[in-house]
Amino acid sequence: MIISVLSGKGGTGKTTVATNLARVLDSAAYVDCDVEEPNGFLFLKPALDVRERVSIPVPSISEEKCTACGTCVEWCQFNALAAVNNKVIKFPQLCHGCGLCSLVCPEKAVREVPREIGIIETGTFNHSVFLHGILNTGEPLAVPIIKRLVSGINKITAQHVVIDCPPGSSCSVIAAVENSDCCLLVTEPTPFGLHDLAIAVELIRSMNIPAGVIINKADKQSRMIKDYCTAQDIPVLLEIPFSKSIAAAYSRGEMITENNEVLENSFKSLGIQLEALINESSCYS
Amino acid sequence: MKIAISAEGKDLNSSVDPRFGRCSYIIIADSDSKGFEVYDNPGIQSTQGAGIQAAQFVAKKKAESLITGKVGPNALQILDSAGIKVYNGTGLTAAEVIDCFKDDMLSRVNEPGEAHAGLKYRHGRSQGW
């Protein structure tokens, strides 16, 4: 079972949920797709042994062959090329690596060369697979690294894979969630949490992925999240209470299920609840 | 002299649009005769690289100077390559900046503003794919 943990709003507790779930489930790998600031390693403390560079192909233009006809500029959908004063200027950071420029160049002056945008590190925690991607600082494109991470999942033999998604609901989240069997939507009982939860719900519904909600930092305000979930017919699978001891454990880089039997059992039961959700949704579809 | 002005409206009474890449209109004016043509900014619909498109448009129209507010680093690179001088006309109307330009009262923009300043309110951290 591939379980994606996403949230819409940042800082609601995706990594807390994803790392603890990977810890308590039997045979679960952990994949950190929040490549702009991956921090699951702080909690799972994996031994990292393999490092792989991730590149995207960008154009290299031969000055001898280029006549600055502007064909590549016209075709580029991403404004990564510009023609001024009989010269083509490249903006590699805007390039999505589609390769169209090299195909349309009538002079065959464009060649694709790799440009490194980040790395993927692989390792183990508690005898389970750990994977995370790190996007180089200042790079705008997270998706190529996330796609590479997700494509590596089918090599993982673990029974479960927990994907820690980036925040928001943009392309990078879609790339992370794409092949998942189910989603955990982590939210907090604030108007912002509710607002972005609704966007995340819309996203996973359009992708036809069954999902349940986890309310983190749950307090008296949780009612507004529960009312929304009831109206939308989405189950609330777990409430993690607003508690100083949980926050303190987190701030020390500890797993919140480690010395908390109640929470540990709640996280264990999440696996069963998610399996039930998947079965239920496949019955209807 | 042929000058380009990033504008919020379609005539010379419109204010200068302080964002270059995602300005609403680009006015191409003759600073001597005050005759002008107005164009929709071709960059405004771009998901990325709006300033790059707008700068190429200004270069294609053979403007020698551009009066705007903030210009991003990519657009400024193109404008520099095309030899187009950039001036700051924030807070003034198109007609006023033409007069100020002729009296040499506008300050030059030599440093790029913040990149993606027009994208500040997009949802999430990442750029689209």
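Residues numbered from 1 in each chain as written. Chains lettered and ligands numbered in written order. Predicted model: local features only at pLDDT ≥ 70, side-chain atom pairs only at ≥ 80, totals over all residues. Heavy atoms only, no water.

Colleague: Can you walk me through the pattern of salt bridges in this structure?
Modeller: If charged atoms from side chains of opposite charge come close, those side chains can pair. All names here are of chain A. According to the stated counting rule, one finds 12 salt bridges over all chains in the structure shown. A salt bridge links Glu-264 to Arg-23; the nearest nitrogen and oxygen atoms lie 3.5 Å apart. Taken together, the positions of Glu-264 in helix H10 (residues 261-284) and Arg-23 in helix H1 (residues 14-24) put the pair 241 residues apart, joining distant regions of the chain. By relative accessible area, Glu-264 is classed as buried at 19%. Across the pair Glu-239 and Lys-226 runs a salt bridge whose closest N-O atoms are separated by 3.1 Å. Here Glu-239 is found in strand S11 (residues 236-241), whereas its partner Lys-226 is found in helix H8 (residues 223-232), with 13 residues between them in sequence. One continuous salt-bridge network, built from bridges that share partners, spans Lys-9, Glu-188 and Lys-217. (Salt bridge = Lys/Arg side-chain N within 4 Å of Asp/Glu carboxyl O. Helix = DSSP H or I, 4+ residues; strand = E, 2+ residues; numbered from the N terminus. Buried < 20%, exposed > 50% of the residue type's maximum accessible area, 1.4 Å probe, protein only.)

Colleague: Would you explain the interface of chain B and chain A in this entry?
Modeller: Interface extent is often summarised as the accessible area lost during association of the parts. Every contact between the two is made by 20 residues of chain B and, on the other side, 29 residues of chain A. Buried surface at the junction of chain B and chain A, summed over both partners, amounts to about 2,200 Å²; 54% is from carbon and sulfur atoms. Summed over the shared surface of chain B and chain A, the number is nine residue pairs in polar contact (both at pLDDT 80 or more). It is helix H1 (residues 50-60) of chain B that provides the largest number of residues to the side of chain B that touches chain A, a total of five residues. (Contact = heavy atoms within 4.5 Å. Buried area = accessible area lost by both parts, 1.4 Å probe. Polar contact = N/O pair within 3.5 Å; in protein donor to acceptor, adjacent residues only side chain to side chain.)

Colleague: Honestly, the pairing of strand S1 (residues 2-7) of chain B in this entry has me stumped. Any pointers?
Modeller: For a regular strand, side chains alternate in direction, first toward one face of the sheet and then toward the other. Residues and elements named next belong to chain B. In terms of burial, S1 is a largely internal element, five of the six residues being buried. As defined by bridge partners, S1 adjoins strand S2 (residues 25-30) across six bridges and the pair is classed as antiparallel. What sits directly across from Ser-6, in S2, is Ile-26. The sheet contact formed by S1 and strand S4 (residues 65-68) spans three bridges and is parallel. Looking at the pairing, Ile-5 lines up with Ile-67 of S4. (Pairing = 2+ DSSP bridges.)

Colleague: I tried to follow the nonpolar core on my own but got confused; where do I start?
Modeller: One broad rule of soluble globular proteins: the nonpolar side chains tend to lie buried together. The biggest cluster of nonpolar side chains holds 84 residues, and the ones touching the most others in it are Leu-6, Val-31, Ile-163 and Leu-185 of chain A together with Phe-20 and Leu-79 of chain B. Tallying contributions element by element places H1 of chain B first for this core, with six residues. Taken domain by domain, this core gets at least three of its residues from each of domain 1 (2-53 + 117-284) and domain 2 (63-108) of chain A. Not counting the four nearest positions on each side in its chain, Phe-20 of chain B is found in contact with Ser-6, Asn-41, Gly-51, Ala-54, Ala-55, Val-58, Leu-66, Thr-68, Lys-70, Val-71, Ala-75 and Leu-79 of chain B. Of all hydrophobic cores here, the second largest spans 31 residues; its members include Phe-130, Leu-184, Leu-263 and Phe-267 of chain A. (Core = buried A, V, L, I, M, F, W, Y, C linked by side-chain atoms within 4.5 Å. Domains from an automatic or database assignment.)

By themselves, these figures tell us nothing about what the structure is for.
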